[in-house]
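# Notes for the structure review
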Amino acid sequence: MKIVTYNVNGIKARLPRLIEYLTEDQPDIVCLQELKSSDETFPVAEIEAAGYGAVWHGQKAWNGVAILAKGATPVVRQRGLDGEPEDEHSRYIEAETGGIVVAALYLPNGNPQPGPKFDYKLRWMDRLAARARVLLAEEVPAVLAGDYNVIANDDDTYSVRAMQDDALMQPESRECYRALVGQGWTDALRTQFPKGGVWTFWDYQAGAWQRDAGFRIDHLLLSPQAADRMIDAGVDKAYRGRDKASDHAPTWVRLR
């Protein structure tokens, strides 16, 4: 079973690339982020025509997450995170499909920092951690897949110096991420590539793709029951180099 996290950076603008990926690669489950689409304008017909069922949590022009499953429609368990009722950002959806609980998440960027956006990021991470503890207590195969907007280690970026003032690499962001993993989750890509140097994102600016000046911010965290089934993990990097591609590449884990 191949489970993918993929920030599409606008599903309508990137729909040909997404359908291309689904058709060519045939992953079993795909978690999408940054749909930039309202619930009403989500392209469900095109996705179903490609052989996938879908559930989504949209927001006009911003954010938005979805879970796709090949040949099935995931069963939604939760949209949004508890703890901040006034939060209207569509950043979390959780569903069950194929005997696995999967969450697609799009963590706040947090820039500029310090400031209210960074404070919101840290509060959101605390709320995610609370939900993650609930999932662990269920003792089921679970995957938290998404764009975490956290560069967890120095070797997860092409340049520590270039990113040192960014919200993605602040000590508070890293500590929240490490505390989440420390609950008992397995970072699939880190486990497969313990020395780092594997990127999932390349900015559109300054020839980042051409220079391979990227960093790793798309993560798949596995519960112990899912980690026991892990075979492999990686990044489908070539899709970042296609015409009008997202600035993220599909990032995946394969389970027995």
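Relevant structure appears above.
Treat the numbers as computed from the prediction; the structure is a model and nothing was measured.

## What about the packing of aromatic side chains?
- Going through the model one piece at a time under the given rule, you end up with six aromatic pairs.
- A centroid spacing of 4.8 Å and a plane angle of 85° characterise the contact between Tyr21 and Tyr239, whose relative ring orientation is edge-to-face. Pair noted here: Tyr21 is in helix 1 (residues 15–25) and Tyr239 is in the loop between strand 13 (230–235) and strand 14 (251–255), with a separation of 218 residues, a long-range link.
- Classification of Tyr239 as buried rests on a relative accessible area of 12%.
- When the centroid spacing of 5.0 Å and the interplanar angle of 40° are considered together, the rings of Phe201 and Phe215 count as tilted. On the criterion of sequence distance, the pair formed by Phe201 in strand 10 (residues 201–202) and Phe215 in strand 11 (residues 214–215) is long-range, its members being 14 residues apart.
- Clustering of aromatic rings is evident, with ring pairs tying together Tyr6, Tyr21 and Tyr239.

## Description of the environment of Val143
- Within the secondary structure, Val143 is located in strand 8 (residues 142–147).
- For Val143, a relative accessible area of 1% gives the class buried.
- Residues Val143 and Ser173 lie 30 residues apart in sequence; the distance between their C-alpha atoms is 20 Å.
- When neighbours within four sequence positions are excluded, Val143 is seen to be in contact with Ile3, Ile100, Val101, Val102, Ala103, Leu220, Leu221, Leu222 and Ala226.

## What to know about the environment of Glu48
- Its place among the elements puts Glu48 in helix 2 (residues 44–49).
- Glu48 sits 24 residues away from Ala72 along the chain, and the two C-alpha atoms are 9.5 Å apart.

## Structural notes on the nonpolar core
- Core analysis: the largest hydrophobic core is formed by 28 residues, its most contacted members being Ile3, Ile67, Val143, Leu222, Val253 and Leu255.
- Examining the composition of this core, we find that four residues originate from one element, strand 7 (residues 100–106), more than from any other.
- Aside from chain neighbours lying at most four places away, what touches Leu222 is Ala142, Val143, Gly184, Trp185, Thr186, Ala188, Ala227, Met230, Val253 and Leu255.
- Counting residues in hydrophobic clusters, the runner-up holds 27 residues, among them Ala142, Ala167, Cys176 and Tyr177.

Conventions used here
- Residues numbered from 1 in each chain as written.
- Predicted model: local features only at pLDDT ≥ 70, side-chain atom pairs only at ≥ 80, totals over all residues.
- Heavy atoms only, no water.
- Phe/Tyr/Trp six-rings, centres within 6.5 Å; stacked < 30°, edge-to-face > 60°.
- Helix = DSSP H or I, 4+ residues; strand = E, 2+ residues; numbered from the N terminus.
- Buried < 20%, exposed > 50% of the residue type's maximum accessible area, 1.4 Å probe, protein only.
- Contact = heavy atoms within 4.5 Å.
- Core = buried A, V, L, I, M, F, W, Y, C linked by side-chain atoms within 4.5 Å.

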